[in-house]
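Topology and contacts: notes
Chain by chain, the residues run as shown.
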Protein chains: 2
Amino acid sequence: MTKTIHSIGEDALVASLARGYSRPNARLIKGMGDDASVTIQAAGRALLATTDVLIEGIHFIKAHTTPYLLGRKALGVSLSDIAAMGGRPLFHLVSIAMPPETPKAFVNGLYKGMDAAGQDYGSCLAGGNTARLPGRVMVSTTAFGEAAAGRVIYRNGARPGDVIYVTGLLGQSALGMEALKTSGAAAIRGRFKEAVKRHLDPAPRIAAGATLASGGLATAMMDLSDGLGIDLRRMCEASGVTAEVELEKIPVSAALRRYARDNRVSASVFAASGGEDYELLFTSPPGRAKAVATAAKRAKITITPIGRVTGKGGKGRPGVVFVNADGRAVRLKKAGFQHF
Amino acid sequence: MTKTIHSIGEDALVASLARGYSRPNARLIKGMGDDASVTIQAAGRALLATTDVLIEGIHFIKAHTTPYLLGRKALGVSLSDIAAMGGRPLFHLVSIAMPPETPKAFVNGLYKGMDAAGQDYGSCLAGGNTARLPGRVMVSTTAFGEAAAGRVIYRNGARPGDVIYVTGLLGQSALGMEALKTSGAAAIRGRFKEAVKRHLDPAPRIAAGATLASGGLATAMMDLSDGLGIDLRRMCEASGVTAEVELEKIPVSAALRRYARDNRVSASVFAASGGEDYELLFTSPPGRAKAVATAAKRAKITITPIGRVTGKGGKGRPGVVFVNADGRAVRLKKAGFQHF
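It should be emphasised that the depicted structure is a prediction, and the values quoted were computed from it without experimental measurement.

Secondary structure assignment for chain A yields 11 helices and 13 strands. The C-alpha radius of gyration computed for chain A amounts to 21 Å, which stays within 12% of the reference 20 Å derived for 340 residues, consistent with globular compactness. In chain A, buried positions account for 56% of the 340 residues. Across chain A, every contact between residues at least 6 apart in sequence was considered, and the portion connecting residues at least 24 apart equals 84%.

As structure tokens, this is what we get:
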């Protein structure tokens, strides 16, 4: 008989998770098993905290992923927020709500994936919560990180003249989702498998974010969760500036170029409109371009300049403009993912 | 036309929440509106963190409460975990998932309630997340608190000979829920209105927890979320001890005595079995009884001794025994709330 969450009961479930995924850590005094987790604060350092939720049917489809990958993504998207502030991960809390008939193996896989991502990026499980939810699995992750108090990077620091950069390739996650919609789980091993991997298991850019922040290189930074179109607009609004992006400069994969050609769409527009890339978007003065390139090398990631901050924002100002190779403004039809 | 979350959109919703509920705070550098909240750490102090989720249809019924009270409860249950460790609240993050057709007024009420509870207990909103969830409202709260590093109280410190205490009255929340089941929202103004209030708006015992912890008075502490029967067993298992509770000593309200008489049940057994009281359960050496009474006065709360830690636990040992007035062991039929 398949062991379910219902057949095991809450206490035994929590105890088995505490046994399997507690890791010794110098800053963690008490993880799972008490009313709250207990960690030691570090004098003069900023504590970063962020929370995200993945809901079955909204943020993921069970048939298109595995419990292990879902666990990696649940933690990964929260750690991406820590990276976006220039922080290093510390700990995470996890709330999982699920139907009583959920197999124990599903929960094990989920926690195994979170644990593996935690090890990859330096975060350890500090506690959490389980609840019953008929019909859906929901995973809520709260991640903690830290940075030197004066080195945290916000969205609101972009200044006219700054260069706009992104890490990695854009549109990969959206391409992966398209492939999953078309081919189902078979896409995991199909021709767009790299893109599918990015969609199911995004890689938070911890090293890049921390290097850019500690070097004082980024004036504003955020992660790309809802698509460049939406997210850059948010950064510009927070900073009170306008921006221009050269569509042709947006870094895209060969696979996306192929897909775009076959489907007669613009790879750049597709990339600028797709959500969930979890790459970093940041601005930096033009004089720091060499230092940015060095930081990219150190963090082992490509960093691409895609545009610049054109001026101060305000009523009636253009906001964010995307221009094509001959300088004409292009309107993004679907500017990323809005939740409601 | 009623404004809904869908008609407003995510960014405007978050912006309006950030405007309405951001409070200046010496430890909070950046609240809502960036990728993560930023707070300042305090040297040598323990950081406490805990997460809870309230799901419509499981943890609450919309018709039996108001958005304001739901907000108070969502934060209150998390702050109760901070109290149970002996901590003082600092900040909280909130994830809310809801149907797109949710009225904006509902969200406003929820945040107003959380804000009011935050002010009552010293916690301020530092950030959060919104997501779409068809058919249900779900509120996930992560609360942060702190305590002197050596003064945190865990579940595992109870020692043979210790006296077992609880704060306040037990069974109030369960009585309130019974009244709501019987009379619906009319119960809010009915004969059990005090009990209904406890159910809908539990009061985390911050002052009591912090006073007991800073005075070194409690050897083990936790909050009563799932009922004394279940929670004391958890404390005994964590501490490796056995315990005896005198049913007659369990503090109950006059309203519960009346209800118990009318329904021919034992008020004490009802109180020991009911969940969600969010009172504190703690142990303390008999020699500190006077100091505990003084602490109770300072925290303006009743604290009642209900039993004692009888010995070391182990295989085949009795665990937790409830005895009635003539010393006979009584078996609790329904020992509180289990989530699966």
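With that settled, the discussion passes to the pairing of strand β11 (residues 303-312) of chain B. All names here are of chain B. Bridge count between strand β7 (residues 163-167) and β11: five bridges; the pairing is antiparallel. Of the residues in β11, the one forming a bridge with I164 is G307. Direction of pairing for strand β9 (residues 241-246) relative to β11: antiparallel, over a ladder of five bridges. Bridge assignment links T242 to a residue of β11, and that residue is G311.

The transformation that overlays chain A on chain B combines an axial shift of 0.0 Å with a rotation of 180 degrees, and the residual RMSD is 0.0 Å. Those values place the two copies in the arrangement expected of a two-fold rotation axis. Among all residues of chain A, the one whose C-alpha sits closest to the rotation axis is A43 of chain A, at a distance of 2.0 Å. Interface residue correspondence from chain A to chain B reaches 98%, placing this contact among same-surface, isologous pairings.

Residue and element names in this part refer to chain A. Relative to each other, helix α3 (residues 67-84) and helix α4 (residues 104-121) sit at 45 degrees, their axes nearing to 6 Å. Considering their axes alone, α3 and α4 lie oblique with respect to each other. The crossing of α3 and α4 is right-handed. When α3 is examined against α4, the residues P67, Y68, L69, L70, G71, R72, A74, L75, G76 and L79 are found in contact with a partner set consisting of F106, G109, L110, Y111, K112, G113, M114, A116, A117, G118 and Y121.

Counting residues at the interface gives 56 residues for chain A, matched by 56 residues for chain B. With 10 residues, the single largest contributor to the side of chain A that touches chain B is strand β3 (residues 45-55) of chain A. Counted by class, the side of chain A that touches chain B contains 29 nonpolar, 17 polar and 10 charged residues. As defined by bridge partners, β3 of chain A adjoins strand β2 (residues 37-40) of chain B across four bridges and the pair is classed as antiparallel. Following the sheet pairing, A49 of chain A is matched in β2 of chain B by S37 of chain B.

Let us look at the sheet that holds strand β10 (residues 280-284) of chain A. Residues and elements named next belong to chain A. On the basis of which strands lie adjacent, the open sheet formed by seven strands has the order β8-β10-β7-β11-β9-β12-β13 and mixed pairing. Since the sheet does not close on itself, it has two edges, and those belong to β8 (220-223) and β13 (329-330), each with one partner. Relative to β13, strand β12 (residues 320-323) runs antiparallel, the two sharing two bridges. Directly across from V323, in β13, lies its bridge partner A329. This element, α3, spans β8 and β10 of the sheet and lies at about 175 degrees to β8.

The next point concerns the domain arrangement of chain A. Residues and elements named next belong to chain A. Looking at the assigned domains, one finds that chain A contains domain 1 (5-151) and domain 2 (155-330). At the junction of the two partners, domain 1 supplies 21 residues and domain 2 supplies 20 residues. Taken together, the elements giving at least two residues each to the side of domain 1 that touches domain 2 come down to α3, β4 (88-98) and β6 (138-148). Top contributing element to the side of domain 1 that touches domain 2 by residue count: α3, with 10 residues. Partitioned by chemical class, the residues of the side of domain 1 that touches domain 2 number 10 nonpolar, six polar and five charged.

This brings us to the environment of C236 of chain A. All names here are of chain A. Relative to the helices and strands, C236 resides in helix α8 (residues 228-239). For the pair C236 and V320, spaced 84 residues apart in the sequence, the C-alpha separation amounts to 7.5 Å. When residues no more than four places from it in sequence are discounted, the contact partners of C236 are A158, V241, T242, A243, G313, G319 and V320.

What follows is about the sheet that holds strand β12 (residues 320-323) of chain B. One key point about sheets: their strands pair by backbone hydrogen bonds, in either a parallel or an antiparallel sense. All names here are of chain B. The sheet built from seven strands is open, its strands ordered β8-β10-β7-β11-β9-β12-β13 with mixed pairing. Strand pairing shows two members of the sheet lacking a second neighbour, β8 (220-223) and β13 (329-330), which therefore form its edges. Helix α7 (residues 206-214) contacts β7, β8 and β10 (280-284) of the sheet and is inclined by roughly 20 degrees relative to β10. Its contacts with the sheet place helix α8 (residues 228-239) against β8, β9, β10 and β12, and it is angled at close to 150 degrees to β9.

The biggest cluster of nonpolar side chains holds 215 residues, and the ones touching the most others in it are L48 of chain A together with L48 of chain B. In contact with L48 of chain B, not counting residues within four places along its chain, are A36 and V38 of chain A together with I82, M85, G87, F144, G145, E146 and A147 of chain B.

Let us look at unusual backbone geometry. One non-glycine residue, R264 of chain A, lies in positive phi territory at about 50 degrees. As for its position among the elements, R264 of chain A is in the loop between α9 (254-263) and α10 (267-273). For R264 of chain A, a count of 6 C-beta atoms within 10 Å translates into the label exposed. With a phi close to 55 degrees, K300 of chain B is a non-glycine residue in the positive phi region. Looking at the secondary structure, you find K300 of chain B in the loop between α11 (289-298) and β11.

All names here are of chain A. Burial of β6 is extensive: 10 of the 11 residues sit out of reach of the surface. The pairing of β3 with β6 spans 11 bridges and is antiparallel. Bridged to D52 within β6 is T141. Two elements, β4 and β6, share nine bridges in a ladder whose sense is antiparallel. Its bridge partner being in β6, V94 is matched across the sheet by T141.

Right, let's talk about helix α9 (residues 254-263) of chain B for a bit. Residue and element names in this part refer to chain B. Taken together, the buried positions of α9 are A255, L256 and Y259. Seen from one end, α9 has its buried residues packed into an arc of 95 degrees, which puts them on one side. Away from the buried face of α9 by more than 90 degrees, exposed residues A254 and R261 are located. Check the buried side of α9 and you find it contacts α5 (172-183), α6 (193-200) and α10 (267-273). R264 sits one or two positions beyond α9 and adopts a positive phi of about 55 degrees.

So, on to the environment of A143 of chain A. Residue placement: A143 of chain A occurs in strand β6. Not counting the four nearest positions on each side in its chain, A143 of chain A is found in contact with T50, S78, L79, D81, I82, P89, H92 and S123 of chain A.

Rules used throughout
- Residues numbered from 1 in each chain as written.
- Chains lettered and ligands numbered in written order.
- Predicted model: local features only at pLDDT ≥ 70, side-chain atom pairs only at ≥ 80, totals over all residues.
- Helix = DSSP H or I, 4+ residues; strand = E, 2+ residues; numbered from the N terminus.
- Rg over C-alpha atoms; globule rule 2.2 N^0.38 Å.
- Buried ≥ 20, exposed ≤ 12 C-beta atoms within 10 Å, placed from the backbone.
- Contact = placed C-beta atoms within 7 Å.
- Pairing = 2+ DSSP bridges.
- Least-squares fit on C-alpha atoms with pLDDT ≥ 70 in both.
- Axes fitted to C-alpha atoms, helices over the stretch in contact; angles between N-to-C directions.
- Parallel < 35°, antiparallel > 145°, perpendicular 65-115°, else oblique.
- Left-handed = near helix turned anticlockwise from the far one by under 90°.
- Nonpolar A, V, L, I, M, F, W, Y, C, P; charged D, E, K, R; others polar.
- Domains from an automatic or database assignment.
- Core = buried A, V, L, I, M, F, W, Y, C linked by C-beta atoms within 7 Å.
- Arc of directions from axis to C-beta.

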